[in-house]
Amino acid sequence: ETGVTQTPRHLVMGMTNKKSLKCEQHLGHNAMYWYKQSAKKPLELMFVYSLEERVENNSVPSRFSPECPNSSHLFLHLHTLQPEDSALYLCASSQDTRGSEKLFFGSGTQLSVL
Amino acid sequence: QQQVKQSPQSLIVQKGGISIINCAYENTAFDYFPWYQQFPGKGPALLIAIRPDVSEKKEGRFTISFNKSAKQFSLHIMDSQPGDSATYFCAASRGHQAGTALIFGKGTTLSVSS
């Protein structure tokens, strides 16, 4: 195991639902990330948190709302999603936010929006 | 604008053969180039990485070749095994800069036939 745990593993939701993805890291890292993985596309960085403060937001639609209550936990709150938001959502952590830091990924949440 | 271009999209190699995946980048400020390996149902995991002060780095059967003038780097897997079947992502970043993020390629799905 990588030390990064994501729940749930699979999620099916309607366009009007509200749901949350959870990520927990047991590595003592200071940085946490949300990535979106779609077929035949590069991994897309959504949000970066360093010591619980958001440091980067790559123009993600407001229907995605991150929350980092402490350095070990990261949430992604979802509401009124679109079918094109169906993808694998990956959480990752690293010691800090330098570009050369090794990323430790969770196994992801496979999201289907109906 | 895709900053890291990866090819081929998919690759089939015979057991014992050499697998070669290529990447090209545009931003000359990039100075850290990792490869991540992803098995089905898992998140990506760091495989090997290189900095531009060397032209080649080898770890076991995996070698990165780096051509700074051409802004290209490649992953070579020697003596490819069925267990190497996975998706491989190249990436690039400004390694020493805080708050910077890895830019990933689209990925290459490798199948090693026995």
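Here the structure is a predicted model, which is why all the values come from computation and not from measurement.

### Quick notes on the sheet that holds strand β3 (residues 19–25) of chain B
Residues and elements named next belong to chain B.
So, step 1. The antiparallel open sheet is built from five strands, whose spatial order is β1-β3-β8-β7-β6. Each edge of the open sheet carries a strand with a single partner, namely β1 (4–7) and β6 (56–59). Each neighbouring strand pair of the sheet contributes to a mean axis angle of 15°, computed without reference to strand direction.
So, step 2. Inspection of the sheet shows β6 paired to strand β7 (residues 62–67) by four bridges, in the antiparallel sense. Within the sheet, the bridge partner assigned to Lys 57 lies in β7 and is Ile 64.

### Thoughts on the state of the cysteines
So, step 1. Scanning the model with the defined rule gives two disulfides over all chains in all.
So, step 2. At a sulfur-sulfur separation of 1.9 Å, the disulfide partner of Cys 23 of chain A is Cys 91 of chain A. One quick way to see it: the torsion about the S-S bond of Cys 23 of chain A and Cys 91 of chain A is about -75°, and its sign makes the bridge left-handed. One end of the pair, Cys 23 of chain A, is in strand β3 (residues 18–25); the other, Cys 91 of chain A, is in strand β9 (residues 87–94), with 68 residues separating them in the sequence. Neither residue differs from the other here; Cys 23 of chain A and Cys 91 of chain A are each classed as buried.
So, step 3. The disulfide that involves Cys 23 of chain B links it to Cys 90 of chain B, with 1.8 Å between the sulfurs. Taking the sign of the torsion about the S-S bond as the criterion, the disulfide between Cys 23 of chain B and Cys 90 of chain B, at about -90°, is left-handed. Here Cys 90 of chain B lies in strand β9 (residues 86–92) and Cys 23 of chain B lies in strand β3, a separation of 67 residues in the sequence. Taken as a pair, Cys 23 of chain B and Cys 90 of chain B share a single burial class, namely buried.

The rules behind each value
- Residues numbered from 1 in each chain as written.
- Chains lettered and ligands numbered in written order.
- Predicted model: local features only at pLDDT ≥ 70, side-chain atom pairs only at ≥ 80, totals over all residues.
- Heavy atoms only, no water.
- Pairing = 2+ DSSP bridges.
- Helix = DSSP H or I, 4+ residues; strand = E, 2+ residues; numbered from the N terminus.
- Axes fitted to C-alpha atoms, helices over the stretch in contact; angles between N-to-C directions.
- Disulfide = S-S within 2.5 Å.
- Buried < 20%, exposed > 50% of the residue type's maximum accessible area, 1.4 Å probe, protein only.

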